[in-house]
Amino acid sequence: MKSAVETLNPTRVRLTVEVPFEELKDSLDAAYKKINQQVTVKGFRKGKIPARVIDQRFGRGAVLEEAVNDALPKFYTEAVNEAELSPLGQPEVDITELKDGETLNFTAEVDVRPALEIPDYSGIEVEVDAVEVTDEDIEKSVEQLRERFASTSPVERAAEDGDVVTIDLEAKVDGEVLEDGIANGVSYTIGSGELLDGIDDAVKGLSAGEEATFTSELKGGSAAGKEAEVTVKVTQVAARELPELDDEFAQLASEFDTLEELKADSRKRLANMKQFDQATQAQERVLEKLLELVEVPVPEKLLEDEINTRKHNLEHHQLAQMGLTLDKYLEIQGKTAEEFETETREAAVKGIKTQFVLDELVKKENLNVNQEELTEHLMRRAASSGMSPDQFAQAVVEGGQVPLLVGEVARGKALAVVVESATVKDTNGEVVDLDDEEETEEAPAAAEATEASDSAEEKTEG
């Protein structure tokens, strides 16, 4: 077999392959064997029909077609390996010549990973928010904890903001009560925004036994997105009572004996959270600077596939779970369809570029992923997916996704190398030491790449 490569553009090539006919022998034998098992000819036992009889009865062309279909993937793969290409997706194959007993010639056009030059990135400088925990931050944190330990007690008065009311609901659309439009004994905190739009105004001022009717767009159920006439009846009004902020509360709500110890712990936790956010911010900004340094051509077909994947996941998974349509989501976000299209395309481009650059860095820096790193990453991914580590690991193995996880870890390590070499200062002008933030190496900046990389990597392996 002989092959040659023609570069059509930075992300697409054409392979020209010439195969001597003798190299088709194994595929021809397999074709005759397969046809033998599928047909019957009087006078011959099944599977024992001579090749010349098959040619006479069914045509040599049918055999050649079967043999070529069997052989093409093997010869294409050999040509790809010989040229050391990294294809993305399936090739467009065209058989240019097939002469029985002489030769098989074909071409294959396919998108490939672009060749990238990674320049010196040691001079990257970025600014991040300073880690500052104020007394106001601590008070807010303690107040949130206090809210969790609030108690309720029934009151004989009209409902007010912050009260917990027990209500019965009935929703009608076009005058008809919906089958799934009745709910009794629902507990609702006025002002929480957890139920229907308009319910707060409807129940405020009502006492137990009173009811009101209001109009609202349903967020879920059989009539999601439709305007409904909702009747709400209050069966109980309960006032929320917050515990006193003292040492007794600290003992109730934590492992600490005093309120001061609880506040000190809150300060420490908030500082840790802000340090994590700071490290994530550093990653994101270093990544942006890195992408500015590298010219990255993006295959158009890969980009369109990635855009469609993002749209599909948003519309049919994320929004569907919330009972929202894409139009309603855009209305809530205050975006036009054109703005959404532009943002989705920009995010897809950035994701693909990030993957290509970080993968190139993995090769340049000779980064490897060990079993411990892969296991730690798998545990984190399992936790975020809501699955147990064993369940997640089984799903990954059965789905052939192990290489994808390895790629995610490797890209996280590549980004960590760049961040380590960069100069990171906070808004106070102080140099930030990120050495203690190893756990952030797979934080959102790298994850943003993974969002697109799974798609691209699957196409590479395809």
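All values reported here derive from a predicted model rather than from experimental measurement. (Residues numbered from 1 in each chain as written. Predicted model: local features only at pLDDT ≥ 70, side-chain atom pairs only at ≥ 80, totals over all residues. Heavy atoms only, no water.)

Structural notes on the nonpolar core
Inference 1: Core analysis: the largest hydrophobic core is formed by 36 residues, its most contacted members being I124, L290, V357 and L361.
Inference 2: Counting only elements with at least two residues in this core, the list comes to β5 (125-128), α7 (259-293), α8 (300-322), α10 (337-364) and α13 (402-421).
Inference 3: In terms of residue count, α10 provides more of this core than any other element does, seven residues in total.
Inference 4: If sequence neighbours within four positions are ignored, V357 has contacts with L116, I118, L290, L291, V294 and V296.
Inference 5: In this structure, L28, I35, V53 and L72 belong to the second largest nonpolar core, which totals 30 residues. (Core = buried A, V, L, I, M, F, W, Y, C linked by side-chain atoms within 4.5 Å. Buried < 20%, exposed > 50% of the residue type's maximum accessible area, 1.4 Å probe, protein only. Helix = DSSP H or I, 4+ residues; strand = E, 2+ residues; numbered from the N terminus. Contact = heavy atoms within 4.5 Å.)

Thoughts on the UniProt feature "domain: PPIase FKBP-type" (unreviewed entry) in the protein
Inference 1: UniProt's feature table lists "domain: PPIase FKBP-type" (unreviewed entry) at residues 162-215, given in the numbering used throughout.
Inference 2: Helix and strand shares over residues 162-215 are 9% and 54% respectively, and the end C-alpha atoms of the span are 22 Å apart. (UniProt positions renumbered as here; feature names shortened; annotations may be inferred.)

Section: the sheet that holds strand β3 (residues 87-99)
Inference 1: With antiparallel pairing, the four strands of this open sheet are ordered in space as β1-β2-β4-β3. Two strands lie at the open edges of the sheet, namely β1 (2-9) and β3, each paired on one side alone. When strand polarity is set aside, the average angle formed by the axes of neighbouring strands in this sheet is 20 degrees.
Inference 2: Across nine bridges, the pairing between strand β2 (residues 12-20) and strand β4 (residues 103-112) is antiparallel. Looking across to β4, one finds that V17 is bridged to F106.
Inference 3: Packing of helix α3 (residues 60-83) onto the sheet brings it into contact with β1, β2, β3 and β4, and relative to β3 it is tilted by some 125 degrees. (Pairing = 2+ DSSP bridges. Axes fitted to C-alpha atoms, helices over the stretch in contact; angles between N-to-C directions.)

Notes on the pattern of salt bridges
Opposite charge on two side chains lets them pair, provided their charged atoms get close.
Inference 1: Inspection of the entire model under this criterion finds 32 salt bridges.
Inference 2: As a salt-bridge pair, E147 and R240 come within 2.9 Å of each other at their nearest N and O atoms. Residue E147 is located in helix α4 (residues 135-148), and its partner R240 is located in strand β10 (residues 227-241); the two are separated by 93 residues in the primary sequence.
Inference 3: A relative accessible area of 33% places E147 in the partly exposed class.
Inference 4: For R240, a relative accessible area of 30% puts it in the partly exposed group. (Salt bridge = Lys/Arg side-chain N within 4 Å of Asp/Glu carboxyl O.)

Focus: the domain arrangement of the protein
Inference 1: As far as domains go, the protein holds domain 1 (2-111), domain 2 (151-241) and domain 3 (296-426).
Inference 2: Its C-alpha centre places domain 2 at a distance of 40 Å from the equivalent point of domain 3. (Domains from an automatic or database assignment.)

Considering α10
Inference 1: For α10, spanning 28 residues, the distance from its first C-alpha to its last is 41 Å, which sits close to the expected 40 Å at 1.5 Å a residue.
Inference 2: Looking one or two places after α10, you find N366, whose phi comes out positive at around 50 degrees. (Expected span 1.5 Å × (residues − 1).)

Regarding the confidence of the model for the protein
Inference 1: When pLDDT is averaged across the protein, the result is 89; 94% of the residues are at 70 or more.
Inference 2: Counting contacts from residues 437-441, a segment whose pLDDT is below 50, to residues more than four positions away or on other chains yields 12 contacts. (pLDDT = per-residue confidence, 0-100.)

Remarks on the packing of α7 against α10
Inference 1: At their nearest, the axes of α7 and α10 sit 11 Å apart, and the two run at 85 degrees to each other. If you check the angle between α7 and α10, you find them roughly perpendicular. Contacts between α7 and α10 involve L287, E288, L290 and L291 from the former and K350, K353, T354, V357, L358 and L361 from the latter.
Inference 2: Its residues placed into classes, the contact of α7 with α10 shows six nonpolar, one polar and three charged. (Parallel < 35°, antiparallel > 145°, perpendicular 65-115°, else oblique. Nonpolar A, V, L, I, M, F, W, Y, C, P; charged D, E, K, R; others polar.)

Notes on the pairing of β10
Inference 1: In terms of strand pairing, strand β6 (residues 151-154) meets β10 through four bridges, oriented antiparallel. Looking at β10, one finds that P154 is bridged to A238.
Inference 2: In the sheet, strand β7 (residues 164-173) pairs with β10 via nine bridges, with the strands oriented antiparallel. Within β10, the position partnered with V164 by the bridge is A238.
Inference 3: Two elements, strand β9 (residues 211-217) and β10, share seven bridges in a ladder whose sense is antiparallel. Bridging from a neighbouring strand, A212 pairs with V232 of β10.

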